[in-house]
Each structure stands twice: as C-alpha cells, then as structure tokens.
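Each chain, written out:
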Amino acid sequence: MLKCGMTGGQVKVFGKAIQTLSRVSDDLWLDPSEKGLALRSVNSCHSTYGYILFSSLFFQQYQWSPSATMNLNCKLAIKSILPIFRCLNYLERNVEKCKIVTRSDKCRVVIQFFCRHGIKRTHNVYFQDSQPLKILFEKSVCANILMIKPRLLSEAIALLTSNQEEITFSVTPGSFCLKSSNGESLDLSSSVYSEMSFGPEEFDFFQVGLDTEVTFCFRELKGILTFSEVMHAPISIYFDFPGKPVVLSIDDMLLEANFILATLADQPSRVSSPQSLCFSQVQRRSDPTQSNAQVGKSQASQTPESISRAAPKRLFPKEPLDSSSATETKRVSTNQDNISEVPESVVSDMEEGPGLSCLRKFSCMFFGAVSSEQQEHAGHPLDSLATASDSEEDASG
Amino acid sequence: MRFRARITSKSVLELFIQVSGTVTKLAKVCVLRVCPDRLCFCPTGLPGEARLWGEVKRGVFHHFCMEGVSEEFNEIYLELMSEHLARAVKNAGSASSLKLQLTNKLRPCLTVVVELPSCPGHTRAMVHDLPVKVLPRRWWKECTEPRVWASDVSVYLPSLKTLKNMVERMANVGDRVLVEANLNGKMNLSVETDVVTIKSYFKNLGNPPKAVTGATQGEDPENMVQVRVDNRKLLLFFEGQQINPTVALCNILSNTLLHLVLVHDGVSLQYFIPAS
C-alpha cells in the first residue's frame, strides 16, 4: 500500500512529470518502492521508454508497505489521470496538501487535494493490474556523454523547420551537430535539411569517445526538454553507436527522469519469427516469479535467442557475438501489446560484475532481431545500454 | 551560375521575413528570380488570377553577388516551396545575419544560413538546405514582372492594421468587399448583404502625384472609382503585414483590378487582385 503526501509546489512538478510521460503513451505505471515512487511509460511500438523516479525525500510524507506481491502493479490510463493534474499553476497556488493512497484490493488510487478555503477534492482512479515494464540501463558506460542546459537545445529545435519525425545528433570530439532528416526524393516537396552546430564549450559536460551519428524520434525530445526546463536542471544525453538507444536524463537531488529512445540502426535487422516468440513466452511463463537477479539475468539472456532465428533453444549465448545488440526503430505499432500478460519483470539494482556481462549484451528491448552485422560493436563488455528485465520483445513486429 | 547574398540589417531582415511570410500565405510555390540588381519573389498558382510580386533591391543586402545562366541572360530563376523559405527565416528575427546561397548538395539547394548569437562571443549558425529547381529559360516568361496598368485612381492607404481589422469584420458578413476611392484622398470600404450594409469611410488620405495615374484633366475628383474584390484574398495579404511600410498605396482600375503597393526601405510588395 502506498501513501504519500505533497505540497502544492510538489504537485506541480508531479503533474509536469505526468504530462511529459503522457506524450509517450496512453498508459502509465505507478510503481512505488522503498526508494520512492516511479512513474513508467512505454509507447506502443516500444521505441520510447520513460521513467521518472521521485525519491521518498521528494514527498512531504512517503510510506510504502508492500503487500503480498512485491509490486503494486498499477497501470493507469493517461486519460484518467492527466485531467486531474491540469492547470498546474492553479494547483500550485491553491493546493495546500495532496495525498495519494492506493488500495490494491480495490484496484484504486485515491488522489485527494486539500485546497484553500477548506475545499477538498477527491479523485478515485481505477487501475489495471499490470506488471510494470522495468528497464535496466547502464548510462555511465556510454562512449558519449553530454550535459547541456535545455534552453540551448530548445532554441535550436525551434529553428528546425520541416515537419520531421526524426532528429539526428552527430558528434565528434570537437563538435556537436543537430540535424534534421534528409529528404530522400528529388522533387521540391521533399523536406528541408537543416543543421546546427554547437561547440564543446556550450556544454556543461562534453565527453565524446566515439564519432557517431544517432537518429531518434524528434517528438519525444521536445517533451523531455520542456520537462528539463521546468526542473531547472541540465539534461544529460548518453549514447553510443546507431542502433543502441539514446538515454536522455534529468537528475535532480529529489528526482530522476530517464527517457530511453530507440535509435535507427545502420543496417536493417532481421525480423523475428512468430514461432520463436511463442517459444520464448512459454519458456518464461514456466519460470517462477522471482526477484532473484541471477535468474533474471538468465531470463534476460533468453531473449536474444528468442528473437534470433538461429538457435531458439539455447539459454545462454555461447559466444557474446550472438547476443549483440541490433536495435531498430519500428514505427509500426504492435498488435500484440501483451505487456500485462508477460510475467514478471525482475528489477535488480545490483551492479553486474564483468562475468555476467556476456549475458547482457543486448539492448534489444527495442526489438530488433539479433543481427550478425553488428558484431563489431558487441566486442565490448557492458556495452549494452538498456536491458529489458522483462521481455517485451514480442513487440518487434 | 552563382548566387550569394547576405542581410545584416535588422529592419531588412524583418521585412524579408514578412515578405516570405506573405508569399507563403498566398501560394504554395514561389519562384525566386535573381537579377543583377534585385531579388524578386514571384509566387505562382495564386487562385483566381491574383498576382503577388515582391522585390528586394540589391542595395539593402550587405553583400550580393550573382552570375546568371549566361551573359546574355544574366538571371537565375529558382522554384521552391514558399513554406520552406518562410519557415527557415521565420525565427531569424533576432539573428545577426541571414545568408542565402545557391549550392549543389546532391541536388540544387538554396542554402539559408541564420546566424544567431549564442553565449557571449560565439555565434551559432543554423543551416537549412531548401530544395530548389533551377528553371530553364523557356519557363522564364511565366514569371515576368506584372504590368502595371494605368489606373483610374490612386490613393494612399490608411494604417494597415486598421484596414485589416475592418476587412476581418467585413469578412464575417459577406464574401466580397467593395473598395472605392477618389482623387480627393477619400476611400471607402463596404460590404453588403440582403439585410445589412456596412461601410467604412476614410478621408484625408492623400493621393500620389498625378503622373502615376492615368486620370484625365476633366474628371471630377469627387468621383469614386470602385472595384469589388474577394475579401479572403485581401485578408490573407493584410494578415502578413506586421510592419507599417513607408509607402502604402492602392491603385484602382474601375471594376477591373485592385492593385496594392507597399514599399519600405528597398523592399516592395505588390498585390494585384482582379475584380470578382
């Protein structure tokens, strides 16, 4: 059972977080733990994952007492929760205290606003019992880490012209370049190509270990930058080679926001076959629920196998190369969004030792098949950025 | 073929943004005609045979150099999407400079470079490559400067903002607005339906020197010359004008044509609306 209390000012930030995640998808997981309250969201084609963790210190009062299940398993429809946190400026001024209480027996979240003049507003929001998708990611091992004030990037993005879907970050040790997508066709109506360069001196932190270009969804970037500006915190960008997801992160003392966006891979990956997917699901279901990191890892390692046509039956990759990452942005939404039915995810906060790294060499939460062409990238241990501890990869479509 | 031009003056930059904004409101496709002494905007495909013509004289550019198709035909005609240009320059209001250059990056492009001040001491450049089509000479006759007919009356316009407000309100009432003016500096705008007529009277506007008009000596200056035009077209034009130009006048050819002329600092915009 979750019980937490916030002031009006905290409500504004909380509401902003919900608004930012509403851009990602129509559903939101409320995932409390001892560390704090996490909000998670993943879009239908699994190319964007948003995760905002409010530490217990953020709240005026925070109490989490886990019941029988480890997790709350609370999935809310954005449509039901977003209107509650509308008019944030108004809420900030008028709300003296906000209480959020969950009742898992009744599948209900009760949000109460104690406003000025003795007014009390109560919202009962029903939730779906659904396991949250938890992603583990190792930000610090990325070759390229940049930190910049969001305003600079927002200004640049405002100047980009075309109705583009994607944006490209191109880095070298000496510069950072923002590019719009390249028009393919030769006629006049193809989109305008725009680019803008920044020097390293404009960043708060600029580490480029790999000259690279990554392309990802533009729309999400705008929302994240807005949130970063509201938080008055710089935005950090972690990325590597194309295909590996980029992580946009905002770190404040009291909260931590991370958005993992799939990037376009250089080569097309093979599409996973339905047969192997079914197999993998069956495999997983037979495993008992666990919060055991070890088992979680073995589970996780099944995943690349399951989507590779080569060897669906192996549990562990014989060679690291087999589980190399090949993420691909799939824009088609999946028709089998069975998130709620895929059994438990495993959250492990423990740092993995190098020995287990061969089991976690993929970042294929963003589904792609395992591509042998990406082998050169798999050479480094711990090069996987994001690992689904819950195997959602059936959504590769 | 070469073209490179740069604007550094803030006021010219704003005018340039305004012209490209107006062009994009009225037409999807625009031909940029690069001449030795000026840059012309010639949007094509305006509905109902209306014509828009914009000119930016060479003198207002900080830097302007061009080399046409050949010595004999020393011009370049570039066809592009109006929206591309308008969007590329839209946020350049605070730029320190705007550069236009004809380039070839896999295909012919008009490269627009907007230079913005970033942290003190640095400038940041936003580069846009607008796809263009270089028009062959046989298509040049489609984009000639519109001929200015000798008009029956010519009068200076009142404040554009006022005009816009009037036309906006009239647009709610009827489709067409009647514009009339006389040589005594009077101008009327009116809209009429079965149940109501709304008329605005402007006076003391002044008339441009007689030489501009084709009016003969014997005519009564109080005589109103009128033309009825589609008010949506009029409104689209006025919506784009943010800055009050140095010279704003209209020429009316009785029951045939309304010709609006806005001139500011070497940048001019002319709009020809046929009677409807």
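Residues numbered from 1 in each chain as written. Chains lettered and ligands numbered in written order. Predicted model: local features only at pLDDT ≥ 70, side-chain atom pairs only at ≥ 80, totals over all residues. Heavy atoms only, no water.

**Student:** Honestly, the overall build of chain A in this entry has me stumped. Any pointers?
**Tutor:** On a plain count of helices and strands, chain A comes out with seven helices and 21 strands. The 397 residues of chain A split such that 59% are buried. Looking at chain A alone, contacts between residues at least 24 apart form 70% of all its contacts between residues at least 6 apart. (Helix = DSSP H or I, 4+ residues; strand = E, 2+ residues; numbered from the N terminus. Buried < 20%, exposed > 50% of the residue type's maximum accessible area, 1.4 Å probe, protein only. Contact = heavy atoms within 4.5 Å.)

**Student:** Sorry, what's going on with unusual backbone geometry here?
**Tutor:** Residue and element names in this part refer to chain B. A positive phi angle, near 55°, is found at Asn255, a position not held by glycine. Residue position: Asn255 is located in the loop between strand S16 (247-253) and strand S17 (257-264). Looking at Asn255, the relative accessible area reads 52%, which means it is exposed. The residue Asp265 is not glycine, and still its phi comes out positive at about 55°. With a relative accessible area of 43%, Asp265 lands in the partly exposed category.

**Student:** How should the packing of helix H1 (residues 10-26) of chain B against helix H4 (residues 231-239) of chain B be read in this particular structure?
**Tutor:** What describes two packed helices is the angle between their axes and the distance between those same axes. All names here are of chain B. Viewed as axis vectors pointing N to C, H1 and H4 meet at an angle of 155°, and their least axial separation amounts to 8 Å. By the criterion of interaxial angle, the relationship of H1 to H4 is roughly antiparallel. Helix-helix and strand crossings are classified by hand; for H1 and H4 the assignment is right-handed. Together, Thr22, Lys25 and Leu26 of H1 and Lys233, Leu236, Phe237 and Glu239 of H4 make up the contact between the two elements. (Axes fitted to C-alpha atoms, helices over the stretch in contact; angles between N-to-C directions. Parallel < 35°, antiparallel > 145°, perpendicular 65-115°, else oblique. Left-handed = near helix turned anticlockwise from the far one by under 90°.)

**Student:** Is there a simple way to think about the nonpolar core in this case?
**Tutor:** Proteins that are soluble and globular tend to have nonpolar side chains buried together. Formed by 152 residues in total, the largest nonpolar core has its most connected members in Phe85(A), Phe3(B) and Met187(B). With eight residues, H1(B) is the single largest residue contributor to this core. Residue contacts for Met187(B): discarding those within four places in its chain leaves Val155(B), Leu157(B), Pro158(B), Leu163(B), Val179(B), Glu180(B), Ala181(B), Ser200(B), Tyr201(B), Phe202(B), Leu205(B) and Cys250(B). Judged by nonpolar contacts, the second largest core, of 14 residues, contains Tyr49(A), Phe137(A), Cys142(A) and Val247(A). (Core = buried A, V, L, I, M, F, W, Y, C linked by side-chain atoms within 4.5 Å.)

**Student:** So what exactly am I meant to see when it comes to the confidence of the model for chain A here?
**Tutor:** If pLDDT is low for a region, its predicted coordinates should not be looked at in detail. Residues and elements named next belong to chain A. Confidence in the prediction for chain A averages 70 pLDDT; 63% of positions are at 70 or higher. In the predicted structure, residues 269-385 sits below a pLDDT of 50 and forms 243 contacts with residues beyond four places in sequence or in another chain. For residues 390-397, every residue scores under 50 in pLDDT, and the model assigns this stretch 31 contacts once sequence neighbours within four places are set aside. (pLDDT = per-residue confidence, 0-100.)

**Student:** I keep staring at H1(B) and nothing clicks. Help me out?
**Tutor:** All names here are of chain B. Taking 1.5 Å of rise per residue, 17 residues should cover 24 Å, and H1 covers 25 Å from first to last C-alpha, within 8% of that figure. Where burial is concerned, most of H1 is hidden: twelve out of the 17 residues are buried. Considered for burial, the residues of H1 that qualify are Val12, Leu13, Leu15, Phe16, Ile17, Gln18, Val19, Ser20, Gly21, Thr22, Val23 and Leu26. (Expected span 1.5 Å × (residues − 1).)

**Student:** Is there a simple way to explain the pairing of strand S18 (residues 267-274) of chain B in this structure?
**Tutor:** The side chains of a regular strand alternate between both faces of the sheet. All names here are of chain B. Within S18, seven of the eight residues are buried, which leaves it mostly tucked inside the rest of the structure. The sheet contact formed by strand S4 (residues 51-57) and S18 spans six bridges and is antiparallel. Residue pairing for S18: Trp53 is matched across the bridge by Gln270. Two elements, S17 and S18, share eight bridges in a ladder whose sense is antiparallel. The residue bridging His264 from the neighbouring strand is Val267, located in S18. Following S17, the chain reverses through two residues before pairing antiparallel with S18; Asp265 in that reversal takes a positive phi of roughly 55°. (Pairing = 2+ DSSP bridges.)

**Student:** Help me understand the pairing of S4(B) in this model?
**Tutor:** The buried fraction of S4(B) is high, at five of seven residues. Following strand S3 (residues 38-44) of chain B, the chain reverses through six residues before pairing antiparallel with S4(B); Gly45(B) in that reversal takes a positive phi of roughly 80°.

**Student:** What is the right way to read the sheet that holds strand S9 (residues 120-126) of chain A from this model?
**Tutor:** Backbone-to-backbone hydrogen bonds join strands into a sheet, with any given pair of strands oriented parallel or antiparallel. Residues and elements named next belong to chain A. The five strands lie next to each other as S5-S1-S7-S8-S9, forming an open sheet whose pairing is antiparallel. Of all strands in the sheet, those bounded by a partner on one side alone are strand S5 (61-64) and S9. If you compare each strand with its neighbour and ignore which way they point, the axes differ by 10° on average. Bridge analysis of strand S1 (residues 2-6) against strand S7 (residues 95-103) gives four bridges, and the strand direction is antiparallel. Counted as the bridge partner of Cys4 is Ile100 from S7.

**Student:** Help me understand the packing of helix H3 (residues 160-173) of chain B against H4(B), please; the structure alone is not making it clear to me.
**Tutor:** All names here are of chain B. Close contact between H3 and H4 brings their axes to 9 Å; oriented N to C, the two are set at 145°. Classified by chirality, the crossing of H4 by H3 is left-handed. Judged by residue contacts, Leu160, Leu163, Lys164, Val167, Glu168, Met170 and Ala171 of H3 engage Asn231, Arg232, Leu234, Leu235, Phe238 and Glu239 from H4.

**Student:** How should the sheet that holds strand S14 (residues 197-202) of chain B be read in this particular structure?
**Tutor:** Residues and elements named next belong to chain B. Overall, antiparallel pairing links the four strands, which are arranged S14-S13-S12-S15 in an open sheet. In the strand order of this sheet, the two ends are held by S14 and strand S15 (225-230), each with one partner. Within this sheet the neighbouring strands show an average axis-to-axis angle of 20°, counted without direction. The strands that H3 touches are strand S12 (176-181), strand S13 (187-192) and S14; relative to S13, the one it contacts most, it runs at about 20°. Contacting S12 and S15, H4 runs over the sheet at an angle of about 85° to S15.

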